[in-house]
Amino acid sequence: MLVGNAGLGKTHAALAIAGIVLDKGYDVIYVSSPDFFGKMEASRFDPSGDADTLLRTAATADLLILDDLGTEFVTPYFITTFYSLLNNRLGAGLPTIVTTNITDGSLLEKRYTEKISSRLSAFVPFNFVGEDIRAQKASE
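What counts and what doesn't
- Residues numbered from 1 in each chain as written.
- Predicted model: local features only at pLDDT ≥ 70, side-chain atom pairs only at ≥ 80, totals over all residues.
- Heavy atoms only, no water.
- Pairing = 2+ DSSP bridges.
- Helix = DSSP H or I, 4+ residues; strand = E, 2+ residues; numbered from the N terminus.
- Axes fitted to C-alpha atoms, helices over the stretch in contact; angles between N-to-C directions.
- Contact = heavy atoms within 4.5 Å.
- Core = buried A, V, L, I, M, F, W, Y, C linked by side-chain atoms within 4.5 Å.
- Buried < 20%, exposed > 50% of the residue type's maximum accessible area, 1.4 Å probe, protein only.
- 1 Å grid on protein atoms, 1.4 Å probe; cavity = no way out; pocket = protein on both sides within 12 Å on 5 of 7 lines; lining within 4 Å.
- Points joined across faces, edges and corners; volume = space filled by probe spheres on them.
- Nonpolar A, V, L, I, M, F, W, Y, C, P; charged D, E, K, R; others polar.

### What about the sheet that holds strand β4 (residues 96-100)?
Okay, step 1: Read across the open sheet, the 5 strands follow the order β2-β3-β4-β1-β5; overall the sheet is parallel. The sheet terminates laterally at β2 (28-32) and β5 (126-128), the two strands that pair on one side only. The mean inter-strand angle of the sheet, taken between neighbouring strand axes irrespective of direction, is 15°.
Okay, step 2: Taken together, the 3 bridges between strand β1 (residues 2-4) and β5 define a ladder with parallel strand orientation. Following the sheet pairing, Gly4 is matched in β5 by Phe128.
Okay, step 3: Across the face of the sheet, helix α4 (residues 76-92) comes into contact with β3 (63-69) and β4 while running at roughly 145° to β3.

Okay, here's the thing in structure tokens:
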């Protein structure tokens, strides 16, 4: 779990890891949390089965990168889907990288329920600190 304020390079680090994993021949799924779960929710009643396919693909990828956790719209459907995704990946022993700006564990539990927070606590946190790189580049 890559944790820290915005603009510190969490997504960049996650994508660098993805590149290395891809070079080794493994499959990597990178998704933005709000985009992925928004698409899941929008397609859940679609008879084509897109939501099931999306979830199955994310749940079985060699590596899943879930970017910007904490920016999605939390609904009961999201909670159920997110729990299922985490639980399946942890149960299968599949690596998952999560990036988030939520630095307080108690906020994770308030936002996502105790069950999800418990599963997220199994992740090794890597704290990113420093100045917003985007702000620095904009002032140059």
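### Brief notes about the nonpolar core
Okay, step 1: Core analysis: the biggest nonpolar cluster contains 26 residues, and Phe82, Leu85, Tyr112 and Leu120 have the highest contact counts within it.
Okay, step 2: Contributions of two or more residues to this core are made by α2 (33-43), α3 (50-60), β3, α4, α5 (105-112) and α6 (114-120).
Okay, step 3: For this core, the leading source of residues is α4, giving 6 residues.
Okay, step 4: Non-local contacts of Tyr112, meaning those with residues more than four positions away in its chain, are made with Leu69, Gly70, Glu72, Val74, Phe78, Ile79, Phe82, Ile102 and Leu120.
Okay, step 5: Residues Val28, Leu63, Ile65 and Ile97 belong to the second largest nonpolar core, which totals 8 residues.

### Thoughts on the layout of surface pockets
Okay, step 1: Empty space within the largest pocket amounts to approximately 250 Å³.
Okay, step 2: Those elements giving two or more residues to the lining of the largest pocket turn out to be α1 (10-23), β3 and α7 (133-139).
Okay, step 3: Per-element tally for the lining of the largest pocket: the top contributor is α1, with 3 residues.
Okay, step 4: Looking at the lining of the largest pocket, its residues break down into 3 nonpolar, 6 polar and 4 charged.
Okay, step 5: The computed volume of the second largest pocket comes to approximately 190 Å³.

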